[in-house]
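# Analysis of the macromolecular model
For reference, the chains in residue letters:
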Amino acid sequence: MSETVTLTIDGAEIQAKPGQMILVAAEEAGIYIPRLCHYKGLKPHGSCRLCTVTVNGKPMASCTQPVAPGMVVETKTEALNQFRRQILEMLFAEGNHYCMFCEKSGNCELQAQGYRYGMTAPRYPFQYPMRDIDASHPDIFLDHNRCILCARCVRTSKDLDGKNVFQFVNRGKHKRVAVDSRARLAGTNANVTDQALGACPVGALMKKRVGYAVPVGQRLYDHKPIGSEIEAKASR
Ligand code: FES
C-alpha cells in the first residue's frame, strides 16, 4: 500500500496518509475546514455537518470521509459558505444563545463560526425554548439552553475521562444531554478537572466562579477568527 495519498484540495495538490479524514489532511496542509462536533482525540462523529465540502462535486462531511487518490475537494465555494451559514443560523434560532450575556463569549466556537461566516440575524424564527439549568454541582453548571448537541461532552467523558457522565436522552426536538444520575449533576462523579468541560464548544458546560477572569475583548476569538491558527501554517 502506498504510504501517501495524493489529492487536490482547493486547487492545491496535497499528500495525505492513507485512511486520514479529509478534514485532518486539510488541516495538516494549512487549510481550515470549519467544524463543531469534531474534536481532537475523539472518533469522528459526523453530526453537525458544518465541515461539509464537495468531493468530486458531491457534498460530504469531511470529518468522516477518508482521503482517496485523485479526489478533488473544494472547501470554500460560495454555495458551501451559504450552507454553513444556514446551519449556524438554525443552531442560533433553535437554542437561547445570548452571546452578549454569556461567559463563553469570545471563547465560544459557535459564536466564532457565526463571525467567520458573516452571520448577522438568523433568517429563521427564534424558538425561545424553556430549558433547564442544572447548577446542582458545586463546581460545574450545565445550561441546556446553550447546548448544540454536538456530543463532545458525551464522547469526551466516555473516551477520554473514562467516566460516562453524559448521554443523550429522547429524540427529535426533545433530544438533550442528560447525566448518569437522577440526582442531577451533583449526584454524578463529574469533576471540574474533567476534560469533558473543556470539550464543550459553547457555554453549555461551564466552570463556576471563574466568570470574566479573562475580560471580554481579550479572549481566544476576540482578535483572530476561528481557524486562523491552522491557516497560519500554510503561510509559514
Ligand atoms: Fe464534521 Fe461536525 S465537524 S460533521
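See above for the structure.
Residues numbered from 1 in each chain as written. Predicted model: local features only at pLDDT ≥ 70, side-chain atom pairs only at ≥ 80, totals over all residues. Heavy atoms only, no water.

A tally of regular secondary structure across the protein chain gives 7 helices and 10 strands. Its C-alpha atoms give the protein chain a radius of gyration of 19 Å, near enough to 18 Å, the size a compact globule of 236 residues would have. Reported as C-alpha extents along the three principal axes, the dimensions of the protein chain are approximately 55 × 40 × 35 Å. Burial statistics for the protein chain: of 236 residues in total, 46% are counted as buried. (Helix = DSSP H or I, 4+ residues; strand = E, 2+ residues; numbered from the N terminus. Rg over C-alpha atoms; globule rule 2.2 N^0.38 Å. Buried < 20%, exposed > 50% of the residue type's maximum accessible area, 1.4 Å probe, protein only.)

Before going further, it helps to examine the side chain of H144. Mapped onto the elements of the fold, H144 is located in the loop between strand 7 (140–143) and helix 4 (152–159). The class for H144 is buried, based on a relative accessible area of 7%. The residues contacting H144, other than those within four sequence positions of it, are R131, D132, R176 and V177. (Contact = heavy atoms within 4.5 Å.)

Turning our eyes to something else, we now look at the environment of R184. Structurally, R184 can be placed in the loop between strand 9 (176–179) and helix 5 (195–199). Each C-alpha atom of the pair R184 and S136 lies 6.7 Å from the other, and the pair is 48 residues apart in sequence. Sequence-distant contacts of R184, that is, excluding residues within four places in its chain, are made with D132, I133, D134, A135, S136 and V179. A distance of 3.2 Å separates the side chain of R184 from the backbone oxygen of I133, its partner in a polar contact. (Polar contact = N/O pair within 3.5 Å; in protein donor to acceptor, adjacent residues only side chain to side chain.)

Right, let's talk about the packing of aromatic side chains for a bit. Taken as a whole, this structure holds 1 aromatic pair when the rule is applied. Considering the side-chain rings of F126 and Y128, the 5.8 Å spacing of their centres and the 35° angle between planes classify their relative orientation as tilted. The class for Y128 is exposed, based on a relative accessible area of 53%. Across the ring face of F168, the terminal group of K175 is positioned such that the distance to the ring centre comes to 4.3 Å. (Phe/Tyr/Trp six-rings, centres within 6.5 Å; stacked < 30°, edge-to-face > 60°. Lys NZ or Arg CZ within 6 Å of the ring centre and 35° of its normal.)

Taken in spatial order, the 3 strands of this open sheet run 6-7-10, and their pairing is antiparallel. Unpaired on one side and paired on the other, strand 6 (133–134) and strand 10 (205–207) mark the two borders of the sheet. (Pairing = 2+ DSSP bridges.)

For the rest of this paragraph, the subject is the sheet that holds strand 1 (residues 5–9). On the basis of which strands lie adjacent, the open sheet formed by 5 strands has the order 2-1-5-3-4 and mixed pairing. Sheet topology places strand 2 (12–16) and strand 4 (58–61) at the edges, where each strand pairs with a single neighbour. Neighbour-to-neighbour, the strand axes of the sheet open up by a mean angle of 40°, direction not taken into account. Summarising the sheet, strand 1 and strand 2 pair through 5 bridges and their orientation is antiparallel. Paired with T8 across the bridge in strand 2 is E13. Helix 2 (residues 78–94) contacts strand 3 (52–55) and strand 5 (72–74) of the sheet and is inclined by roughly 150° relative to strand 3. (Axes fitted to C-alpha atoms, helices over the stretch in contact; angles between N-to-C directions.)

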